[in-house]
Amino acid sequence: MRLFSIYQILFDRYGQQHWWPGDNAFEIMVGAVLTQNTAWANVERAIDGLRRKQLLNAEGMAACSPEQLAQVIRPSGYFNIKAKRLQSLCHWLIGQGGVAALARYDDASLRQLLLSVHGIGPETADDILLYACQRPVFVIDAYTRRLFSRLALFQGDEAYDDMRLAVQEALSKNTVSSAERVPLFNEYHALIVRHAKIACRKKSPRCDQCCLRVLCPSASVLSSNVV
DNA sequence: GTCCAGGGTTCGT
DNA sequence: ACGAACCATGGA
């Protein structure tokens, strides 16, 4: 209940974020790997480079040498390890029969498969599930932990899946179907990232801005500990 | 010059 | 199970 109120506050303040930037599912998957611990502006340069070199497809990227691929994605940082991660993703996708063939898996099965790919951890897997595959999975990142712990909804150091499932469960009460959850989870995560860019970085201060009190001064929803 | 960005793997304890 | 080192560019 409170989680949904926070979503509404964020949406009223920032509006639609139009995530994920990208023309197709494959490009979104590539962006999910490239943005690991990396500013998005640097990811865009890497993706532009891939497009110029005609490498923005699974077959081309898989056939490329790791060294050459690394040079193309250089602006995104960690280029040597990300080149290998992109290729393990591409080999996996080709083995599955392409992006469209992923539709045959249920949400939990596809999540397990993605996590088995080298270089894809919980957050990258959930980015792919939600934004590329349109699955109702809530993405937990450092910003999410920071905001929800500041609002006393979570302690902040919960295990990834504990937090993810708790958020999904809480928001399921505001939605009746998966078709409603996908756009809600999509927008919610994007809004948290958007809000994080104007909130203070530190953990302790809890200023009115990062606690959303500026956004909703009389919000009683922000003063309880119950999710 | 320092900090950090839309994380994950590996290797000690 | 948990922490630390490692990966590396570019903007503030």
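One structure accompanies this document, and this report is about it. Just so we're clear, the structure is a prediction, and the values are computed from it rather than from any experiment.

### Observations concerning unusual backbone geometry
Working step 1: Geometrically, the link from tryptophan 19 to tryptophan 20 is a cis peptide bond, its omega value of 0 degrees lying close to zero.
Working step 2: Tracing the chain through its elements places tryptophan 20 in the loop between α1 (2-14) and α2 (25-34).
Working step 3: Even without being glycine, asparagine 37 reaches a positive phi, approximately 55 degrees.

### Remarks on the protein's contact with DNA strand C
Working step 1: Neighbouring DNA strand C are the residues Asn42, Arg45, Arg74, Pro75, Gly77, Tyr78, Phe79, Asn80 and Ile81.
Working step 2: Of what DNA strand C places within 4 Å of the protein, 56% of the atoms are sugar or phosphate.
Working step 3: Taken together, the elements giving at least two residues each to the surface near DNA strand C come down to α3 (40-52) and α6 (79-96).
Working step 4: Sorting elements by how many residues they give to the surface near DNA strand C places α6 first, with three residues.
Working step 5: Along the lines of polarity and charge, the residues of the surface near DNA strand C split into four nonpolar, three polar and two charged.

### Details of the nonpolar core
Working step 1: Among the nonpolar cores identified, the biggest contains 67 residues, and Leu34, Leu50, Leu69, Phe148 and Tyr188 are the most heavily contacted of them.
Working step 2: Mapped onto the domain boundaries, this core takes at least three residues apiece from domain 1 (2-17 + 139-222) and domain 2 (25-132).
Working step 3: What leucine 34 contacts, discounting residues up to four positions off in sequence, is Val43, Ala46, Ile47, Leu50, Ile73, Ser76, Lys82 and Leu86.

### Description of the pattern of salt bridges
Working step 1: For the structure shown, the criterion picks out eight salt bridges.
Working step 2: Between aspartate 48 and arginine 51 there is a salt bridge, and its shortest N-O distance comes to 3.4 Å. With aspartate 48 and arginine 51 both in helix α3 and three residues apart, this pair spans about one turn of that helix.
Working step 3: Looking at aspartate 48, the relative accessible area reads 37%, which means it is partly exposed.
Working step 4: For arginine 51, a relative accessible area of 36% gives the class partly exposed.
Working step 5: Salt-bridge contacts for aspartate 126 lead to arginine 164; the nearest nitrogen and oxygen are separated by 4.0 Å.

### So, empty space enclosed by the protein
Working step 1: Evaluation of the coordinates by the stated rule reveals one cavity of 30 Å³ or more.
Working step 2: In this structure, the largest cavity is lined by Tyr143, Arg146, Leu147, Arg150, Ile192, His195, Ala196 and Ala199.
Working step 3: Only α9 (142-150) and α11 (178-196) provide two or more residues apiece to the lining of the largest cavity.
Working step 4: Tallied by class, residues from the lining of the largest cavity come to five nonpolar, one polar and two charged.

### Looking at the protein's contact with DNA strand B
Working step 1: Lining the immediate environment of DNA strand B, one finds 21 residues, of which Trp20, Asn37, Gly121, Thr124 and Tyr143 sit closest.
Working step 2: Considering DNA strand B, the proportion of its atoms within 4 Å of the protein that are sugar or phosphate atoms stands at 62%.
Working step 3: Between DNA strand B and proline 122 there is a distance of 3.4 Å, counted from a phosphate oxygen to a backbone nitrogen or oxygen.
Working step 4: Taking glutamate 123, its main chain carries an N or O atom lying 3.3 Å from a phosphate oxygen of DNA strand B.
Working step 5: Counting residues per element, the surface near DNA strand B draws most heavily on helix α8 (residues 122-132), which supplies three residues.
Working step 6: Classifying every residue of the surface near DNA strand B by side-chain character gives nine nonpolar, eight polar and four charged.

### Re the side chain of threonine 38
Working step 1: Relative to the helices and strands, threonine 38 is located in the loop between α2 and α3.
Working step 2: Take threonine 38: its relative accessible area is 16%, and that puts it in the buried class.

### As for the packing of aromatic side chains
Working step 1: A complete count under the given rule lists eleven aromatic pairs for this structure.
Working step 2: On the basis of an interplanar angle of 50 degrees and a centroid distance of 5.3 Å, the ring pair of tyrosine 7 and tyrosine 188 is categorised as tilted. In this pair, tyrosine 7 sits in helix α1 while tyrosine 188 sits in helix α11, placing the two residues 181 residues apart along the sequence. Residue tyrosine 7 shares its accessibility class with tyrosine 188, and that shared class is buried.
Working step 3: When the centroid spacing of 5.7 Å and the interplanar angle of 65 degrees are considered together, the rings of tryptophan 19 and tryptophan 20 count as edge-to-face.

So, how was this worked out
- Residues numbered from 1 in each chain as written.
- Chains lettered and ligands numbered in written order.
- Predicted model: local features only at pLDDT ≥ 70, side-chain atom pairs only at ≥ 80, totals over all residues.
- Heavy atoms only, no water.
- Helix = DSSP H or I, 4+ residues; strand = E, 2+ residues; numbered from the N terminus.
- Near = heavy atom within 4 Å.
- Nonpolar A, V, L, I, M, F, W, Y, C, P; charged D, E, K, R; others polar.
- Core = buried A, V, L, I, M, F, W, Y, C linked by side-chain atoms within 4.5 Å.
- Buried < 20%, exposed > 50% of the residue type's maximum accessible area, 1.4 Å probe, protein only.
- Domains from an automatic or database assignment.
- Contact = heavy atoms within 4.5 Å.
- Salt bridge = Lys/Arg side-chain N within 4 Å of Asp/Glu carboxyl O.
- 1 Å grid on protein atoms, 1.4 Å probe; cavity = no way out; pocket = protein on both sides within 12 Å on 5 of 7 lines; lining within 4 Å.
- Points joined across faces, edges and corners; volume = space filled by probe spheres on them.
- Polar contact = N/O pair within 3.5 Å; in protein donor to acceptor, adjacent residues only side chain to side chain.
- Phe/Tyr/Trp six-rings, centres within 6.5 Å; stacked < 30°, edge-to-face > 60°.

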